[in-house]
Amino acid sequence: MYILGISCFYHDAAAALIRDGVLVAAAEEERFSRKKHDYGFPTRAIDFCLQQAAITGQDLDYVVFYEKPLIKFERILMSLLGTFPRSWRTFSEAMVAWFNEKLWIKNLLMSEVGVEADKALFVEHHLSHASSAFFCSPYREAAILTVDGVGEWATATMGRGTAAWNGEGENGIIFTHEQRFPHSIGLLYSAFTAWLGFKVNNGEYKVMGMAPYGEPRYLDKVYQVLRVEDDGSFWLDMDYFSYHYSPEQSFGPKFVALFGEPRGREAEFFTQLTNPEVDLGDPSVRANQHYADVAASIQRATEETLLKMANQLHRETGLKHLCMAGGVALNSVANGRLLRETPFEEIFIQPAAGDSGGALGAALYVYHVLLGQPRRFTLEHAYWGQEYSDEEVCASLDANHIPYEYLVDDERLIARVVDGLSAGRVIGFFQGRFEWGPRALGNRSILADPRRADMKQIVNDKIKFREPFRPFAPVVLEERCTNYFRLDQPERHQPARYMLYVVPILQDKWDVIPAVTHQGGTGRLQTIRRETNPRYYRVVEQFGEATGVPVLLNTSFNLRGEPIVNTPAEAFSTFSNSGLDTLVLGPYLIEKARIGQGGR
Ligand SMILES: [Fe+2]
């Protein structure tokens, strides 16, 4: 039985295909359309999923959309009418968008995917989130927490899931608590993201990266706009916000009166911690420190709210395992604290925890809950995207007359990569199926030596061109993790495979891996195990043997503002248009120094 899940029209669009409850393919549309955070109908991602299974739309048993458009429409209509006339612009824009497209999603599923009306189903937004975590997790029973911007009405839910394994038990997800729009931790964080001069839905990571440069001095002010009870329920004072009626602005004049003027769009950021030589009397330094302190304050408030929710969930369920999903579950600093500071022994978060993951969750919900089928799949890795054969890579290189070396012996190739990394070269590493979710995890990655303090700057100068205050992430062999990071029994902590935990780095290692040690001594690590990506594992392992440090700097393979590369041609173009030194495309190795010199 084939079930295709689809998410789109709000945040990241995606498609995911399961066969008899087992994941076959999952991908975000942006990787194909090359439009970052593409939220349009995921035609190309759907085509890829069908091709991967070698089927057509007619072979699908169900197509499932990740939310219920009519209920969402009701929420938008009611909240806009409730704030009329302030909402008139949003109102008119929303009506056009909904009447043009969004209300007719069933027709769209029928015409674009080619299924009959009775095969098109809809699952509520937060049920899709919850299913994406619980039905991918290894647990028979778990507490579930979903937190995001907004779905239909819900912005956060708490509940539990039960699963049937080997013919025993029953599948189900029950929500015991629900928070509703406009009260939303995700939208609150986004309002601060916008106020701090970053793009909403893209800049939240930057707020998280900026926070360690500040102190949470304004926590009391954040709690003036956000009330949180000990049981994790929360309310926003909507007088401070405008996202419920304005398309452009998420915070209002009262917010500005409380926190000050917003930071300029993508303005330069520097404080005494980013640059010890700055003049502390300089007003722009003081202003930047203020922004960092506000970033630290909203980050801290988010963490405290999630801690309260998770603690309450533990009190109510008494369960050892927690499954999390929704955009806020991508807050890896908060996730690290949830693991360390709540009684939950393990947390499961799948790599596409945001809205794209709803496609996978919706499909799994139909299979397990609506159809009552037992579980037989757990998600162990993130490699569910498209791959290219060696022949395809070779054809792409030949067609463009690119000089390469073909290294049929993988160990030789890995030795070359390790030699290059040790010599300070920055390497684009492309292999296999691209990753599901926002992180590059070794198949579309840029790798570099984390031991050099200047490597962060080098990678930024060569390709990333991103804000210098943002950290780069480390990848470490799972079994060597505890030598560097405060994460006991890393094999139990799947989110660490997907860079979803920020954890403390052991203090005596800060100087050993300075390029991936963030302000305050933390790292958003990726743990890697041999069985899920042997080649990537060998690179890190060999680097460890050569240097004594089984850690690399791993960042996503893309130019600033572009989605992560998908095809070999995109990888080569990114390589050519950047300062990357070496490109690995499967078994092919290309040195920048040799390009243009002919011969191979
Ligand atoms: Fe969501």
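Preceding this paragraph is the structure being described.
Residues numbered from 1 in each chain as written. Predicted model: local features only at pLDDT ≥ 70, side-chain atom pairs only at ≥ 80, totals over all residues. Heavy atoms only, no water.

**So, the pattern of salt bridges**
For the coordinates displayed, the defined rule picks out 32 salt bridges. For the salt bridge of E341 with R337, the shortest nitrogen-to-oxygen distance reads 2.8 Å. Separated by 4 residues within a single helix, E341 and R337 lie in helix α12 (residues 332-341), roughly one turn from each other. R337 gets classed as buried once you look at its relative accessible area, which sits at 17%. (Salt bridge = Lys/Arg side-chain N within 4 Å of Asp/Glu carboxyl O. Helix = DSSP H or I, 4+ residues; strand = E, 2+ residues; numbered from the N terminus. Buried < 20%, exposed > 50% of the residue type's maximum accessible area, 1.4 Å probe, protein only.)

**Some thoughts on the sheet that holds strand β1 (residues 2-7)**
Strand pairing in a sheet relies on backbone hydrogen bonds, with the paired strands running either antiparallel or parallel. Reading across from one edge, β3-β2-β1-β4-β5 is the order of the 5 strands in this open sheet, with mixed pairing throughout. Edge positions in the sheet fall to β3 (22-28) and β5 (120-122), since each has one partner strand and no second. Each neighbouring strand pair of the sheet contributes to a mean axis angle of 20°, computed without reference to strand direction. Pairing of strand β2 (residues 14-19) with β3, which is carried by 6 bridges, proceeds in the antiparallel orientation. From the neighbouring strand, R19 faces β3, where its bridge partner is V22. (Pairing = 2+ DSSP bridges. Axes fitted to C-alpha atoms, helices over the stretch in contact; angles between N-to-C directions.)

**Concerning the coordination of the iron ion**
Listed as protein donors to the iron ion are H125 (NE2), H129 (NE2), D148 (OD) and D355 (OD); their distances from the metal cover 2.1 to 2.2 Å. If you look at the iron ion, its 4 donor atoms make angles of 90 to 168° with each other, and the shape they trace is irregular. Here the donor residues of the iron ion share one chain and are spaced in sequence as H-x3-H-x18-D-x206-D. One end of the pair, H125, is in helix α6 (residues 125-134); the other, D148, is in the loop between β6 (141-147) and β7 (154-162), with 23 residues separating them in the sequence. Comparing H125 with D148, the two get one shared label, buried. (Donors = N, O, S within 2.8 Å, 3.2 Å for Na, K, Ca; no water. Tetrahedral: all angles 85-135°; square planar, octahedral: opposite > 155°, others 65-115°.)

**Here's the deal with the environment of P403**
Secondary-structure assignment places P403 in the loop between α14 (390-399) and β13 (405-406). Classification of P403 by relative accessible area gives buried; the value is 12%. Considering only alpha carbons, one finds P403 and L589, 186 residues apart in sequence, at a separation of 9.0 Å.

**Regarding the packing of aromatic side chains**
Summed over all chains, the structure comprises 26 aromatic pairs. On the numbers, 5.1 Å between centres and 35° between planes, the contact of Y406 with Y588 is tilted. Of the two residues, Y406 is situated in strand β13 and Y588 in strand β22 (residues 588-591); the sequence distance between them amounts to 182 residues. Residue class for Y406 comes out partly exposed when judged on its relative accessible area of 46%. Taking relative accessible area as the criterion, Y588 reaches 6% and is therefore assigned buried. (Phe/Tyr/Trp six-rings, centres within 6.5 Å; stacked < 30°, edge-to-face > 60°.)

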